[in-house]
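# Breakdown of the fold
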Amino acid sequence: MPPNGFGCRCRVRQLTREEVERRGGPSEAPEVTQTEWTNKRTGETMMVTEGLDPGWDYNPGKARLAGVEKQAKEKDKAFAKAVGTPDKPAPSIKSVVPSALSTLKNITGEAIGRILEQIPGAEKRLAKVAEFTQAKDIKTLIIKQAEMGQRNRAASRIREQVLDYLDEEQRRYGHNNYTITNPSRTGGFTASVFNHVVVKGNSKVKFSDKKAKQVAEELKAAVKLAADTREKGDAPGLWTIAAKASPEAELVATWVHELGHQVHYWAGAERAEKVAKRFLSRYSQSGISRRDYYEYHAEHFCAWLFDRDAFAKFDPDAARYFDELIEKAIRGQERKRHD
């Protein structure tokens, strides 16, 4: 074989056995020696095979084959980890947001789930939430403000799409499944007769894998900030704090808040007089005079999920109460309706 090198114009042609014999037979392989070579650009010195330009001392075909084989082994390993093997099944992975219908291209239920899964230290609680949403088949509607308004064209246009998505029994509620009075004043809503939550989306929300961790940290930080400001006398709600952090945090906090209502309904809509002694926000006290405790459960469910440690420091009894509440909701066979 001729020497390898940049600009080499040599050619290689295959010979038959007879041609080789006429030329005196195959030649002896030359002795391979190493020589020192210095890269003028980087100043790096290395040993290379004498007679070969640096970078030409390997077989491209064999190198490519080795690379392909390595890549195939890595893919096989990743596949086995994802789906498991007969002797080592893969762990069961449940989605926190198992189902969602969004009329906005920039927002998906999967994106909400990815952010929640990034919350530091929330793995066990998220597993319980995922168990609940899947056991009760909780659905999510992410729609525009105009589509939430009662008796308007935007709401009418999505009616059949929404009703086809929801369970058959929900069809009897018609547009009430997703419309509300004064939608500009709410971020979302749900009801004890629903098997879904409604969240208002907008074009400002920009979900991305890169941003997910940041938003997750914003949600966790909101709990400690709410507790600290409450101790000083102020009491902004978790939703308000999240809204100031980013539109993404606001939307995810809204989803969790509304899910907190569903957890409360499926756990029996307890009044919680014994545990509701401290309140992270003024909003969490809404309805206490009526003894319904709905906003108490929704607001503090967010705190429990986002940062249980900070919540437990603020109110240890309430933190333990929500540990038990999610278990009751998972086991619950029927939602208690509004009185």
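This write-up is about the structure you can find in this document. Please read these numbers as outputs of a predicted model, since none were measured by experiment. (Residues numbered from 1 in each chain as written. Predicted model: local features only at pLDDT ≥ 70, side-chain atom pairs only at ≥ 80, totals over all residues. Heavy atoms only, no water.)

Here the focus is the overall build of the protein. Within the protein one finds 13 helices and eight strands. By the compact-globule yardstick of 20 Å for 339 residues, the protein is too spread out, its C-alpha radius of gyration being 32 Å. Structurally, the protein occupies a C-alpha span of about 105 × 50 × 45 Å along its principal axes. Within the protein, contacts between residues at least 6 apart in sequence are counted, and of these 68% link residues at least 24 apart. Surface summary for the protein: the accessible area is close to 20,600 Å², and the carbon and sulfur share equals 50%. Computed over 58 positive and 48 negative side-chain charges, the separation of the two mean positions in the protein equals 5 Å. (Helix = DSSP H or I, 4+ residues; strand = E, 2+ residues; numbered from the N terminus. Rg over C-alpha atoms; globule rule 2.2 N^0.38 Å. Contact = heavy atoms within 4.5 Å. Areas by Shrake-Rupley, 256 points an atom, 1.4 Å probe, with all protein chains shown as cover. Lys, Arg positive; Asp, Glu negative; His and termini not counted. Charge placed at Lys NZ, Arg CZ, Asp CG, Glu CD.)

With that settled, consider the nonpolar core. In this structure, L116, L219, W255 and F306 are the most contacted members of the largest nonpolar core, which totals 66 residues. No other element matches the nine residues that helix α10 (residues 247–266) contributes to this core. Those residues in contact with W255 that sit more than four places away from it in its chain are V96, V97, I112, L116, T133, T140, V197 and V199. L101, L141, Y165 and V198 belong to the second-largest nonpolar core, a separate cluster that totals 14 residues. (Core = buried A, V, L, I, M, F, W, Y, C linked by side-chain atoms within 4.5 Å. Buried < 20%, exposed > 50% of the residue type's maximum accessible area, 1.4 Å probe, protein only.)

On to the packing of helix α11 (residues 294–306) against helix α13 (residues 316–331). The angle between the axes and the distance between the axes are what describe a pair of packed helices. Direction vectors running N to C along α11 and α13 enclose 100 degrees, while the axes themselves pass 10 Å from each other. Comparing their axes, α13 and α11 come out roughly perpendicular. Within the contact between the two elements, α11 uses Y296, H297, H300, F301 and W304 and α13 uses A318, A319, Y321, F322, D323, L325 and I326. Per-class residue counts for the contact of α11 with α13 are nine nonpolar, two polar and one charged. (Axes fitted to C-alpha atoms, helices over the stretch in contact; angles between N-to-C directions. Parallel < 35°, antiparallel > 145°, perpendicular 65-115°, else oblique. Nonpolar A, V, L, I, M, F, W, Y, C, P; charged D, E, K, R; others polar.)

Here we come to the sheet that holds strand β6 (residues 139–143). Taken in spatial order, the four strands of this open sheet run β5-β6-β8-β7, and their pairing is mixed. Two strands close off the open sheet at either side, each with one partner strand: β5 (100–102) and β7 (188–189). Examined bridge by bridge, β5 and β6 share three bridges and lie parallel to one another. Bridging across to β6, S102 finds its partner in I142. Running at roughly 155 degrees to strand β8 (residues 196–200), α10 makes contact with β6, β7 and β8 of the sheet. (Pairing = 2+ DSSP bridges.)

The next point concerns the pattern of salt bridges. If you walk through the whole model with that rule in mind, you get 18 salt bridges. Its salt-bridge partner being D323, residue R308 comes within 2.6 Å of it at the nearest N-O pair. Separated by 15 residues along the polypeptide, R308 in helix α12 (residues 308–314) and D323 in helix α13 bring together distant segments of the chain. Using a relative accessible area of 28% as the deciding quantity, one classes D323 as partly exposed. What emerges from the salt-bridge pattern is a single network uniting R159, E160, D164 and R171. (Salt bridge = Lys/Arg side-chain N within 4 Å of Asp/Glu carboxyl O.)

Two elements in contact, α10 and α11, have axes separated by 8 Å at closest approach and are oriented at 120 degrees. Taken together, the axes of α10 and α11 lie oblique to each other. Our pair here, α10 against α11, has a crossing hand that is right-handed. Between α10 and α11, the residues in contact are A253, V256, H257, L259, G260, H261, V263, H264 and Y265 and Y294, E295, H297, A298, E299, F301, C302, L305 and F306, respectively. In terms of residue class, the contact of α10 with α11 is built from eleven nonpolar, five polar and two charged. (Left-handed = near helix turned anticlockwise from the far one by under 90°.)

All right, on to α11 then. Structural remark: α-helix, 3.6 residues per turn; residues separated by three or four positions point the same way. Given a rise of 1.5 Å per residue, 13 residues ought to cover 18 Å, and the 19 Å separating the end C-alpha atoms of α11 matches this to within 8%. In terms of burial, α11 is largely enclosed, as 13 of its 13 residues are buried. (Expected span 1.5 Å × (residues − 1).)

Applying the stated rule across the entire model yields seven aromatic pairs. Between F311 and F322, the ring centres sit 6.1 Å apart and the planes meet at 65 degrees, which makes this aromatic pair edge-to-face. Placement of F311 in helix α12 and of F322 in helix α13 is noted, with a sequence separation of eleven residues between them. In terms of burial, F311 and F322 fall into one category: buried. Between Y321 and F322, the ring centres sit 5.3 Å apart and the planes meet at 90 degrees, which makes this aromatic pair edge-to-face. With respect to class, Y321 is no different from F322; both count as buried. The rings of F279, Y296, F311, Y321 and F322 are connected pair by pair, giving a single aromatic cluster. (Phe/Tyr/Trp six-rings, centres within 6.5 Å; stacked < 30°, edge-to-face > 60°.)

Moving on, we get to the pairing of β6. Counting buried positions over the five residues of β6 gives five, a clear majority of the element. In β6, alternate side chains face the same way, and those of K139, L141 and I143 on one face and T140 and I142 on the other are all buried.

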